[in-house]
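What the coordinates show
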Number of protein chains: 2
Amino acid sequence: MAIKEGLRPGGRSARVQESVHRATRELLEEQERASVTVPLIAARAGVTPSTIYRRWGDLSALLADVALARMRPDSEPLNTGSLRGDIRAWAEQYLDEMSSEPGRNMMRDVQCSQAPGYCVAILGGQLQIILDRYQDNGEVLPRLDHLLNLIAAPTVFRILFSNAPLQIEELHELIEVALR
Amino acid sequence: MAIKEGLRPGGRSARVQESVHRATRELLEEQERASVTVPLIAARAGVTPSTIYRRWGDLSALLADVALARMRPDSEPLNTGSLRGDIRAWAEQYLDEMSSEPGRNMMRDVQCSQAPGYCVAILGGQLQIILDRYQDNGEVLPRLDHLLNLIAAPTVFRILFSNAPLQIEELHELIEVALR
């Protein structure tokens, strides 16, 4: 199921989406995710289960849609006045958010969506905003794909597949490698 | 559910495990993973569903166990005669295997196991074998965690969260960064 973008804000369709998303978020906070079902979400959102099935297809597609919506950043990356400072601030916040239990669950849910690539697009968009700030400074800027591969990738990989997330010193070291 | 290691080879318990693993692998090859169920696996393996539930807990724990067993390499990394050559050969094979549909599914299943860290332990073990070959050569060897963060992490990240896996040129470039 594709992600529903560009809905008319305030329309009936947008209201259903907002209500279902909110119900899902609330239930995920209140109980074990394994016990969250489409009928439960429907009841909380005040819609019928078939509305959810028609619109999202199944529970994993709905969870993926909710996870992607939560990943959309609500603000621009912090502007610290230097490229290194901006990247550090962004990367530290990203590591912090993704290491949390909700962060890990978001990453797993997103993989079940039909558009997991959207995740890299969001991260890339944030990092591009940072790069754009310094493009007239005469500095040699790192490539965007380098920042994704050397900073975002190890952050996510270690959280999902290792016993411990990156330590802050390792993160800083990777940033230096990316800026070299 | 913990991974079952160290079972007496050939014992009844080992035979049940082998039979259930084989049935799971066959069913995953024959049909959509969403339609693979514990009763189906049990019927194919010639055991009762309760044997599976008792031993593995639930389907996702069984799938994770099967995925981890498949990840265990069946041979040492290729010895090409040079550190760079060995790492390239290993990384190219890893990228190739993980980009496949079964590879992607394995990575997703492993995340549902109680021991996702085992995944990094397996990769690290393979890379350590390569490093050990060259430790008396006088070369400055890269750190193991650097190889994992700069080569394995982007390979996995791009497959799971991007629209396209790493290109072979990007992989080679990352290997150069790791060897610097």
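Residues numbered from 1 in each chain as written. Chains lettered and ligands numbered in written order. Predicted model: local features only at pLDDT ≥ 70, side-chain atom pairs only at ≥ 80, totals over all residues. Heavy atoms only, no water.

What follows is about the relation of the copies chain A and chain B. Superposition of chain A onto chain B requires a rotation of 180° combined with a translation of 0.0 Å along the rotation axis, giving an RMSD of 0.1 Å. On this basis, the relationship between the two copies can be described by a two-fold rotation axis. Proximity to the rotation axis, assessed at the C-alpha, singles out Ala 153 of chain A in chain A; its C-alpha lies 2.7 Å from the axis. (Least-squares fit on C-alpha atoms with pLDDT ≥ 70 in both.)

To continue, consider the layout of surface pockets. Residues and elements named next belong to chain A. In this structure, the second largest pocket occupies an estimated 540 Å³ of space. The wall of the second largest pocket is formed by 22 residues, among which Met 71, Pro 73, Asp 74, Gln 93 and Glu 97 lie closest to the centre. Residue assignment for the lining of the second largest pocket shows that the elements contributing at least two residues are α4 (59–71), α5 (83–99), α6 (101–111) and α7 (117–133). With six residues, α5 is the single largest residue contributor to the lining of the second largest pocket. Classifying every residue of the lining of the second largest pocket by side-chain character gives twelve nonpolar, five polar and five charged. (1 Å grid on protein atoms, 1.4 Å probe; cavity = no way out; pocket = protein on both sides within 12 Å on 5 of 7 lines; lining within 4 Å. Points joined across faces, edges and corners; volume = space filled by probe spheres on them. Helix = DSSP H or I, 4+ residues; strand = E, 2+ residues; numbered from the N terminus. Nonpolar A, V, L, I, M, F, W, Y, C, P; charged D, E, K, R; others polar.)

This part is about the side chain of Asp 86 of chain B. Residue and element names in this part refer to chain B. Inspection of the secondary structure assignment puts Asp 86 in helix α5 (residues 83–99). Owing to a relative accessible area of 0%, Asp 86 belongs among the buried residues under this scheme. A distance of 2.8 Å separates polar atoms of two side chains, one belonging to Asp 86 and the other to Arg 133. Apart from residues no more than four positions distant in its own chain, Asp 86 is found in contact with Leu 78, Asn 79, Thr 80, Gly 81, Ile 130, Arg 133 and Tyr 134. (Buried < 20%, exposed > 50% of the residue type's maximum accessible area, 1.4 Å probe, protein only. Polar contact = N/O pair within 3.5 Å; in protein donor to acceptor, adjacent residues only side chain to side chain. Contact = heavy atoms within 4.5 Å.)

This part covers the packing of α4 of chain A against α6 of chain A. All names here are of chain A. Taken N-terminus to C-terminus, the directions of α4 and α6 make an angle of 125°; their axes are 8 Å apart at the nearest point. Accordingly, the angle class assigned to the pair α4 and α6 is oblique. In the crossing of α4 with α6, the sense of the turn from one axis to the other is left-handed. Every residue of α6 that contacts α4 at Leu 63, Ala 64, Ala 67, Leu 68, Arg 70 and Met 71 is listed here: Met 106, Met 107, Asp 109 and Val 110. A class-by-class count of the residues in the contact of α4 with α6 yields eight nonpolar, no polar and two charged. (Axes fitted to C-alpha atoms, helices over the stretch in contact; angles between N-to-C directions. Parallel < 35°, antiparallel > 145°, perpendicular 65-115°, else oblique. Left-handed = near helix turned anticlockwise from the far one by under 90°.)

Residues and elements named next belong to chain A. Summed over the entire model, instances satisfying the criterion amount to four aromatic pairs over all chains. The interplanar angle of 10° and the centroid separation of 5.2 Å between the aromatic rings of Trp 90 and Tyr 94 together place this pair among those described as stacked. You can see Trp 90 and its partner Tyr 94 sitting in helix α5, four residues apart, about one turn around the helix. An identical accessibility class is assigned to Trp 90 and Tyr 94; each is buried. Residues Phe 157 and Phe 161 carry aromatic rings whose centres are separated by 5.8 Å and whose planes lie at 45° to one another, so their mutual orientation is tilted. Of the two residues, Phe 157 and Phe 161 both sit in helix α8 (residues 144–161), four residues apart, roughly one turn of that helix. Judged on exposure class, the residue Phe 157 and its partner Phe 161 are both buried. Sitting above the plane of the Trp 56 ring, Arg 55 keeps its charged end 5.1 Å from the centroid. (Phe/Tyr/Trp six-rings, centres within 6.5 Å; stacked < 30°, edge-to-face > 60°. Lys NZ or Arg CZ within 6 Å of the ring centre and 35° of its normal.)

Once that is clear, we can look at the UniProt feature "domain: HTH tetR-type" (unreviewed entry) in chain A. With numbering aligned to this structure, UniProt lists the feature "domain: HTH tetR-type" (unreviewed entry) at residues 14–74 of chain A. In residues 14–74 of chain A, the share of helix is 75% and the share of strand is 0%. The end C-alpha atoms are 19 Å apart. (UniProt positions renumbered as here; feature names shortened; annotations may be inferred.)

So, about the UniProt feature "DNA-binding region" (unreviewed entry) in chain A. Under the UniProt annotation, "DNA-binding region" (unreviewed entry) lies at residues 37–56 of chain A. As annotated, residues 37–56 of chain A has a helix share of 80% and a strand share of 0%, and its two end C-alpha atoms lie 13 Å apart.

It is worth spelling out empty space enclosed by the protein at this point. A full pass over the atoms with the stated rule returns one cavity of 30 Å³ or more. A volume near 30 Å³ is recorded for the largest cavity. Put simply, the parts of the chain that give the lining of the largest cavity at least two residues each are α8 of chain A together with α9 (168–179) of chain B. Residues that form the lining of the largest cavity fall into these classes: one nonpolar, two polar and four charged.

With that settled, consider the nonpolar core. Where a protein is soluble and globular, its nonpolar side chains tend to be buried together. If you look at the biggest cluster of nonpolar residues, it comprises 78 residues, and the most contacted ones within it are Trp 90, Ile 151 and Phe 161 of chain A together with Trp 90, Ile 151 and Phe 161 of chain B. Setting aside its immediate chain neighbours within four residues, Ile 151 of chain B contacts Ile 87, Trp 90, Ala 91, His 146, Leu 171, Leu 174, Ile 175 and Ala 178 of chain B. (Core = buried A, V, L, I, M, F, W, Y, C linked by side-chain atoms within 4.5 Å.)

Residue and element names in this part refer to chain A. Structurally, chain A comprises domain 1 (12–70) and domain 2 (74–179). Spacing between the C-alpha centres of domain 1 and domain 2 amounts to 28 Å. Counting from both sides, the interface comprises seven residues of domain 1 and, opposite them, ten residues of domain 2. The largest per-residue losses of area from domain 1 upon contact with domain 2 belong to Arg 33, Ala 67 and Leu 68, which jointly make up 63% of the total buried on that side. In this structure, the connection of domain 1 to domain 2 is made through one salt bridge. Two residues, Asp 109 and Arg 33, come together in a salt bridge whose shortest N-O distance is 2.4 Å. (Domains from an automatic or database assignment. Buried area = accessible area lost by both parts, 1.4 Å probe. Salt bridge = Lys/Arg side-chain N within 4 Å of Asp/Glu carboxyl O.)

Contact with chain A, which involves 31 residues of that partner, is made by 31 residues of chain B. Summed over both sides, the interface between chain A and chain B buries roughly 2,600 Å², with carbon and sulfur atoms accounting for 64% of that surface. When the buried area of chain A at its contact with chain B is split by residue, Gln 111, Phe 157 and Phe 161 of chain A rank highest and sum to 29% of it. One can count two salt bridges joining chain A with chain B. Here Arg 143 of chain A and Glu 173 of chain B are joined by a salt bridge, their closest N and O atoms 2.8 Å apart.

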